[in-house]
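Coordinate analysis (summary)
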Amino acid sequence: MNNDIFPCIWTNQNGSQVAKFYTSIFRNSKITQETLMVINIEIEGQKLMFLNAGPMFKPNLTVSLMLMCDSKDEVEEYYQKLSENGKVMMELDAYPWSEKYAWVEDQFGISWQLYYGAEKAKQKFSPVLMFTGKNNGKCREALSYYTSIFPNSEIEGIMEYPAGQGEPEGNVGHSQFIIDGYTMMAMDSSHQHNFNFSEGTSMVVMTDNQEETDFYWNKLTENGEESMCGWLKDQYGFSWQITPKRLIELTNTENPEKNKKAFDAMLKMKKIIIKDIEDAFNS
């Protein structure tokens, strides 16, 4: 598993509350970083980030987190805790694809698919992208697109919707793919959803240098759009944050004044230019 790639969830100043809730219910979980804007947690050694960034965006069902449970009891336990004060999208039950499965939206509007299967998962949880609206039917194409950009990538499996399920034939009911050692999942849905991919849930890619930063930025903004502070949208409108590790170092030193200079320089950028951040830090 690659911990340089991980999901980020936009929260309305309650990231700390969300992090405390998750680390209180998930086994082997802990808060690893907490600043005014960013809270990072780990669940079974796997990173999840919350951004305290106000009411502009919030997560929705186009990105859920598939939690791979080791037993039916574990599914039940997390179902009880995550559905409390939330919503149930699919009831806890046996389904053709899982002996014990449920899909819930928790009290913070973050959705989880709870899954028990006989096979041992490589990751505790994986983001599931739902291609809906104008993206519906593009899941298979997106799998090829993402796995062509990242190294150490492959499409692990594609399940099509069976006939008579109200979905166009050939559409992807479920798929699993790997980008640079990180497992993700994706599906099509032709149901009428009144939302699409948004900044509410993005994927962070931590880069080692400017060359790598430029590479991902250029590839993912092709037919997409640039945003600010290392954020971009790809051709499907899905958000990525291309973040050099050096930026994190330069905004988290023992010198608050220099940290602020580096951070202020970053705020003016679209793509992050490491040298310009270093120059601001040293000014």
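In short, a report on the structure.

What counts, and where the lines are drawn
- Residues numbered from 1 in each chain as written.
- Predicted model: local features only at pLDDT ≥ 70, side-chain atom pairs only at ≥ 80, totals over all residues.
- Heavy atoms only, no water.
- Core = buried A, V, L, I, M, F, W, Y, C linked by side-chain atoms within 4.5 Å.
- Buried < 20%, exposed > 50% of the residue type's maximum accessible area, 1.4 Å probe, protein only.
- Helix = DSSP H or I, 4+ residues; strand = E, 2+ residues; numbered from the N terminus.
- Contact = heavy atoms within 4.5 Å.
- Axes fitted to C-alpha atoms, helices over the stretch in contact; angles between N-to-C directions.
- Left-handed = near helix turned anticlockwise from the far one by under 90°.
- Pairing = 2+ DSSP bridges.
- Expected span 1.5 Å × (residues − 1).
- Arc of directions from axis to C-beta.
- Polar contact = N/O pair within 3.5 Å; in protein donor to acceptor, adjacent residues only side chain to side chain.

**Observations regarding the nonpolar core**
One finds Tyr22, Phe50, Leu82, Trp112, Tyr146 and Trp240 to be the most contacted residues of the largest nonpolar core, which totals 55 residues. For this core, the element with the highest residue contribution is helix H3 (residues 139–149), accounting for six residues. Contacts of Trp112, omitting those with residues within four sequence positions, involve Tyr22, Phe26, Ile43, Leu65, Leu67, Leu82, Ala102, Trp103, Val104, Asp106 and Phe125. Residues Leu61, Met68, Tyr115 and Met185 belong to the second largest nonpolar core, which totals eleven residues.

**Re the packing of helix H6 (residues 256–267) against helix H7 (residues 274–282)**
Running from N to C, H6 and H7 cross one another at 145 degrees; their axes reach a closest spacing of 8 Å. Here H6 runs over H7; the crossing is right-handed. In contact with Lys258, Asn259, Lys261, Ala262, Ala265 and Met266 of H6, H7 contributes Ile277, Ala280, Phe281 and Asn282.

**Structural notes on the sheet that holds strand E12 (residues 182–188)**
Spatially, eight strands are ordered E6-E7-E8-E5-E9-E12-E11-E10 in an open sheet, and the strand pairing comes out mixed. One side of each edge strand has no neighbouring strand; the edge strands of this open sheet are strand E6 (87–95) and strand E10 (154–160). When the angles between neighbouring strand axes are averaged without regard to direction, this sheet yields 20 degrees. Judged from the five bridges that link them, strand E5 (residues 63–69) and strand E9 (residues 125–131) form a sheet pairing that is antiparallel. Paired with Leu67 across the strands is Phe125, a residue of E9. Strands in contact with helix H2 (residues 72–83) are E5, E6, strand E7 (98–105) and strand E8 (111–116); relative to E7, the strand with the most contacts, it is inclined by about 15 degrees. Its contacts with the sheet place H3 against E9, E10, strand E11 (172–179) and E12, and it is angled at close to 5 degrees to E11.

**Quick word on the side chain of Asn135**
Among the secondary structure elements, Asn135 is positioned in the loop between E9 and H3. Residue contacts for Asn135: discarding those within four places in its chain leaves Asp188, Asn196, Phe197 and Tyr236.

**As for H6**
For H6, with twelve residues, the first-to-last C-alpha span of 16 Å sits near the 16 Å given by 1.5 Å per residue. Every buried residue belonging to H6 is among Asn259, Ala262, Ala265 and Met266, and all of these are buried. The buried residues of H6 all sit within an arc of 130 degrees when viewed along its axis, so they share a single face. Across from the buried face of H6, at angles greater than 90 degrees, the exposed residues are Pro256, Glu257 and Lys260. For H6, the capping residue at the N-terminal end is Asn255, with a side-chain oxygen 3.1 Å from the backbone nitrogen of Glu257.

**Considerations on the sheet that holds strand E3 (residues 38–43)**
As summarised here, the arrangement of the eight strands in space is E2-E3-E4-E1-E13-E16-E15-E14, forming an open sheet in which the pairing is mixed. Edge positions in the sheet fall to strand E2 (29–34) and strand E14 (225–226), since each of these pairs with one other strand and no more. Where strand E1 (residues 5–11) and strand E13 (residues 201–207) come together, five bridges link them in antiparallel fashion. Within the sheet, the bridge partner assigned to Phe6 lies in E13 and is Val204.

**Focus: the environment of Leu267**
Among the structural elements, Leu267 can be located in helix H6. Leu267 gets classed as partly exposed once you look at its relative accessible area, which sits at 40%. Sequence spacing of Leu267 and Gln210 is 57 residues, and the spatial spacing of their C-alpha atoms is 17 Å.

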